[in-house]
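Examination of the molecular architecture
These are the residues of each chain, in order.
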Amino acid sequence: MAYVGMESGPHVFFALLAMLVAALTLGMVYRNGNTSRTRQLALILAILVWLSWISIAPVYMYEYGTDKAVIKSNPETAAAHSIGMETKEHVFYTGLILATLVPMIAYGTNGESGRRLLLAVLVLIIVGGIILDAYGAWIQTSAKIAYALRGG
Amino acid sequence: MSRLVVGGSVGFFVAAIFNSILVVVKETNEGVHDWLAQVFTHHWLGQGIVVILVFLVVTALVYSLSKPELSESLSNKLTATVVAGALLSYLIIAGFFLL
């Protein structure tokens, strides 16, 4: 049974969970420093971002094309793809590498110097995640509007 | 282990900038776009795989060349490098599609 509308659900779920883990890790590192628990969380964070990519790849490559055509066919919604999706899909790779760096820093450092680097990367992950989520919301809303306009 | 941090941070910076440049090149050069699509079945998947490979290669290279100590000043430089890489990458990609 196909759950129409849930195609991008796992991608969003893993991404939001990754942001929550990043926020939790940020708080723990800020308060107690880099501990064995934050190292585990850093690894979980990286895995969640990778799962977010793996789960959306087939949807983006093979299914989004239909929505893309409808979004682009309306001048009112075309920017959601040409600016929103184009930026989101490519900036995501910078975020993927950044998330991969988190456990490398967490497991590779001790003390204050590594703590500051880890905090900076976690802040970037959270802020970047919020920005990409905003692009996603724009695309989702524009797709609904585009289909509604097409339906007349 | 700190060599991994140095390697990873530099690897991230290079991969992030490479990612941005590849976007501009791919979107303005049909040959590059088509090559990625042909080799990797989709240009976007191809871009991701190439960026990951750049990250891995640069990380391994810097790892093998760096010293094992992570000093305070080096850590500050790495923090600035990572933040600059992330911001530049976003600004180049977002700016390209916005303008």
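Everything in this summary refers to the structure shown in the same document. The structure displayed is predicted, hence computed values, not measured ones.

**Digging into the environment of T38 of chain A**
Residues and elements named next belong to chain A. By the secondary structure assignment, T38 is in helix α2 (residues 36-73). By the C-beta count within 10 Å, which is 23 here, T38 ends up buried. A C-alpha to C-alpha distance of 14 Å links T38 and V121, two positions 83 residues apart in sequence. Each residue touching T38, except ones within four places of it in the same chain, is listed here: T25, M28, V29 and A106.

**Notes on the interface of chain B and chain A**
Taken residue by residue, the interface counts 32 residues in chain B and 28 residues in chain A. When residues of the side of chain B that touches chain A are traced back to their parent elements, those giving at least two are α1 (2-28), α3 (43-65) and α4 (72-98) of chain B. Ranked by residue count, the leading element in the side of chain B that touches chain A is α4 of chain B, at 13 residues. In terms of residue class, the side of chain B that touches chain A is built from 21 nonpolar, 10 polar and 1 charged.

Rules used in this analysis
Here the residue index of a chain counts from 1 through its sequence in written order. Just so you know, chain letters begin at A and ligand numbers begin at 1, following the order they were written in. Local features in this predicted model are restricted to residues of pLDDT 70 or higher, and side-chain atom pairs are both shown and tallied only at a pLDDT of 80 or more, whereas totals for entire chains, interfaces and linings draw on every residue. A run of DSSP states H or I qualifies as a helix once it reaches four residues; a run of E qualifies as a strand once it reaches two. Both are numbered from the N-terminal end. Three exposure classes are used, all based on how many other C-beta atoms lie within 10 Å of a residue's own C-beta (placed from the backbone): buried at 20 or more, exposed at 12 or fewer, and partly exposed between those limits. Here the contact rule is simple: place C-beta atoms from the backbone, and any two residues whose C-beta atoms are within 7 Å are in contact. Basically, the charged four are Asp, Glu, Lys and Arg, the nonpolar ten are Ala, Val, Leu, Ile, Met, Phe, Trp, Tyr, Cys and Pro, and anything else, Gly included, counts as polar.

Shape descriptors only; they carry no functional weight alone.
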